[in-house]
Amino acid sequence: MATLLVTGGAGFIGSNFVHHVVAHTDHRVVVLDKLTYAGNRASLDGLPADRVELVVGDIADADLVDALFARVDAVVHYAAESHNDNSLHDPRPFLDTNIIGTYTLLEAARRHDRRLHHISTDEVYGDLELDDPRRFTESTPYNPSSPYSSTKAGSDLLVRAWVRSFGVRATISNCSNNYGPYQHVEKFIPRQITNVIRGIRPKLYGAGENVRDWIHADDHSSAVLTILDKGEIGQTYLIGADGEKDNKEVVELILSLFGQSPDAYDHVTDRPGHDLRYAIDSTKLRTELGWTPAYQDFETGLKATIDWYRDNEAWWAPAKDGVEAFYASKGQ
Ligand code: NAD
Ligand code: DAU
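Residues numbered from 1 in each chain as written. Chains lettered and ligands numbered in written order. Predicted model: local features only at pLDDT ≥ 70, side-chain atom pairs only at ≥ 80, totals over all residues. Heavy atoms only, no water.

A. Spotlight on the overall build of the protein chain. Broken down by element type, the protein chain carries 11 helices and 13 strands. Since a compact globule built from 332 residues should have a radius of gyration of about 20 Å, the 19 Å found for the protein chain is in line with a globular shape. Expressed as lengths along the three principal axes of its C-alpha atoms, the size of the protein chain is roughly 55 × 45 × 40 Å. In the protein chain, of all internal contacts separated by at least 6 residues, the share reaching a separation of at least 24 is 80%. Accessible area of the protein chain: about 13,400 Å², with a carbon and sulfur share of 49%. Charge-centre separation for the protein chain: the mean point of 33 positive side chains lies 2 Å from the mean point of 49 negative side chains. (Helix = DSSP H or I, 4+ residues; strand = E, 2+ residues; numbered from the N terminus. Rg over C-alpha atoms; globule rule 2.2 N^0.38 Å. Contact = heavy atoms within 4.5 Å. Areas by Shrake-Rupley, 256 points an atom, 1.4 Å probe, with all protein chains shown as cover. Lys, Arg positive; Asp, Glu negative; His and termini not counted. Charge placed at Lys NZ, Arg CZ, Asp CG, Glu CD.)

B. Examining the packing of helix 10 (residues 298–311) against helix 11 (residues 313–329) more closely. Between helix 10 and helix 11, the least distance of the axes is 6 Å, while the angle of their chain directions is 80°. One element, helix 10, and the other, helix 11, form an angle in the roughly perpendicular class. Judged by residue contacts, W308, Y309, R310 and D311 of helix 10 engage E313, W315 and W316 from helix 11. (Axes fitted to C-alpha atoms, helices over the stretch in contact; angles between N-to-C directions. Parallel < 35°, antiparallel > 145°, perpendicular 65-115°, else oblique.)

C. Local environment of the UniProt feature "domain: NAD(P)-binding" (unreviewed entry) in the protein chain. What UniProt calls "domain: NAD(P)-binding" (unreviewed entry) maps, in this numbering, to residues 5–303. Within residues 5–303, the helical portion is 39% and the strand portion 17%, while the C-alpha atoms at the span's ends are 32 Å from each other. (UniProt positions renumbered as here; feature names shortened; annotations may be inferred.)

D. Fine view of the site of ligand 2. Close to ligand 2 lie 24 residues; D122, Y148, N177, R271 and H274 are nearest. F188 places a main-chain nitrogen or oxygen 2.9 Å from an oxygen atom of ligand 2. Between a nitrogen atom of ligand 2 and a main-chain N or O atom of K203, the distance comes to 2.8 Å. Isolated, ligand 2 exposes 690 Å² of accessible area, and the fraction of that covered by the protein chains is 94%. Elements with a contribution of two residues or more to the shell around ligand 2: helix 6 (188–198) and strand 8 (203–205). Looking at side-chain class alone, the shell around ligand 2 contains six nonpolar, 10 polar and eight charged residues. (Near = heavy atom within 4 Å. Polar contact = N/O pair within 3.5 Å; in protein donor to acceptor, adjacent residues only side chain to side chain. Nonpolar A, V, L, I, M, F, W, Y, C, P; charged D, E, K, R; others polar.)

E. Structural view of the pattern of salt bridges. Counted by the stated rule, this structure contains 22 salt bridges. Among the ionic pairs, D132 bridges to R134, the shortest N-O distance being 2.7 Å. Put simply, E313 and R198 hold a salt bridge, and the shortest N to O gap is 3.7 Å. Pair noted here: E313 is in helix 11 and R198 is in helix 6, with a separation of 115 residues, a long-range link. Residue classification places R198 among the partly exposed positions, given a relative accessible area of 34%. (Salt bridge = Lys/Arg side-chain N within 4 Å of Asp/Glu carboxyl O. Buried < 20%, exposed > 50% of the residue type's maximum accessible area, 1.4 Å probe, protein only.)

F. Quick look at the nonpolar core. Within the largest apolar cluster, 32 residues are counted, with the highest numbers of intra-cluster contacts made by F17, V18, Y78, I239 and L285. Listed by contribution, the elements that provide at least two residues to this core are strand 1 (3–7), helix 1 (12–24), strand 2 (28–33), strand 4 (74–77), helix 7 (217–230), strand 11 (236–239) and helix 9 (283–289). Ignoring sequence-local partners within four residues, the contact set of F17 consists of L4, V6, V76, Y78, S221, V224 and L225. With 28 residues, the next largest nonpolar core counts I254, F258, V323 and Y327 among its residues. (Core = buried A, V, L, I, M, F, W, Y, C linked by side-chain atoms within 4.5 Å.)

G. Highlighting the layout of surface pockets. Its boundaries defined by the atoms lining it, the largest pocket holds a volume of some 150 Å³. In this structure, the largest pocket is lined by Y125, D127, L128, E129, D132, R134, R135, F136, T140, P141 and N143. (1 Å grid on protein atoms, 1.4 Å probe; cavity = no way out; pocket = protein on both sides within 12 Å on 5 of 7 lines; lining within 4 Å. Points joined across faces, edges and corners; volume = space filled by probe spheres on them.)

H. Quick look at the site of ligand 1. Around ligand 1, the surrounding shell holds 28 residues, and the nearest of these are I13, D33, S82, Y148 and K152. In the environment of ligand 1, an oxygen atom lies 2.7 Å from a nitrogen or oxygen atom belonging to the side chain of K152. In the model, an oxygen atom of ligand 1 is placed 2.9 Å from a nitrogen or oxygen of the N178 main chain. Starting from 830 Å² of accessible surface for ligand 1 in isolation, the protein chains cover 96%. For the shell around ligand 1, the secondary-structure elements that each account for two or more residues are helix 1, strand 5 (115–121) and helix 5 (147–166).

I. Region of the structure containing the side chain of N247. Mapped onto the fold, N247 is located in helix 8 (residues 247–257). The exposure class of N247 is buried, given its relative accessible area of 8%. Not counting residues up to four positions away in its chain, the partners in contact with N247 are F188, L204, G208, N210, R212 and H274.

J. Representation of the sheet that holds strand 5 in the model. Spatially, the seven strands line up as an open sheet ordered 3-2-1-4-5-6-11, and their pairing is parallel. Pairing within the sheet leaves two strands with one partner each, and these edge strands are strand 3 (52–56) and strand 11. Averaged over all adjacent pairs, the angle separating strand axes in this sheet is 20°, with direction ignored. The pairing of strand 4 with strand 5 spans four bridges and is classified as parallel. For V76, the partnering residue across the bridge sits in strand 5 and is H117. Contacting strand 5, strand 6 (170–175) and strand 11, helix 5 runs over the sheet at an angle of about 155° to strand 5. The sheet strands contacting helix 7 are strand 1, strand 4, strand 5, strand 6 and strand 11, and the helix crosses strand 5 at an angle near 145°. (Pairing = 2+ DSSP bridges.)

Listed below in structure tokens is the structure:
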């Protein structure tokens, strides 16, 4: 049994990880989360108080981080500003949290000699053409497009430097697009599901040809636990579940699962600099560490996600109107 510090554990993927750890291990978890607009303490409801503790604070607060590192065995770092559209509107918080916040954690890991796993994204590799036979691997060169992905790329490079220069015991994972419960309604899949529930037509950026490589958040969690257990210090592992779909296909499937006409959506203003396609080759994680995703069928995972949003309107409703007003102001 160990005590894990999980930064960003009240956000989408972090809270899924905390639920996964409680269900599948006997570890204790200390969550450090600033509870920004993206964090929600209700995402941790129902978890046992003797296993999960929430500390509200900033990962860039060096004194707080120092005190927390002193009482945990390992750190899993999810906290970030995570939304591309927001980074195009106001990049500054992305620098503060993704760069300075990660730097603050690395310095604490160095002082306390704590194992750290850094959560990152496939977006650091830029994008692929639709007909490119290649997928991203651990040796693909970094080529980020947005303020969000460039700050994530910067944070990955800081981790690599702290491993090499200071001997910090860290690993990195770069995962593809996650879906599942507890995802904020600003993001593509929950936005469209909650639009349909509210009687609003789904909104597709541009022509809807952009491809994302979908993985269920619970599979991301099992991959991270596998890397924590068996990963080699200093290594990067790509996490993906062979889930490439274009956005049009996803919106049409959501509408069909609600029993609506699959063309009942609107095309809206495209995202500036919109990455065309992401695709992950997760061979290294599967062959070296023996990981496999449990959700092999996107439609089954999407149905379960739709059910979750239907059953948990109280969780998402408070954010919905503000998010839609923001998108409307940008023609989206
Ligand atoms: P999210 O926006 O849902 O959650 C982020 C969490 O971090 C929130 O709870 C927020 O309150 C917290 N946070 C933000 N700034 C903080 C700060 N300064 N100090 C402490 N807490 C802070 O994000 P997510 O989608 O769950 O992403 C989590 C991580 O996974 C990020 O590092 C992201 O880059 C990475 N990632 C996300 C995806 C995806 O599909 N969403 C895919 C690959 C990687
Ligand atoms: O690839 C991993 C990344 O996936 C993570 O690093 C990010 O944190 C996460 O937000 C996600 O980034 P994307 O930009 O791919 O996700 P988003 O949900 O914002 O959009 C998914 C796709 O859907 C993208 O092509 C833009 C499009 N889109 C999005 C919204 C919100 C629409 O067509 N309509 C929409 O309303």
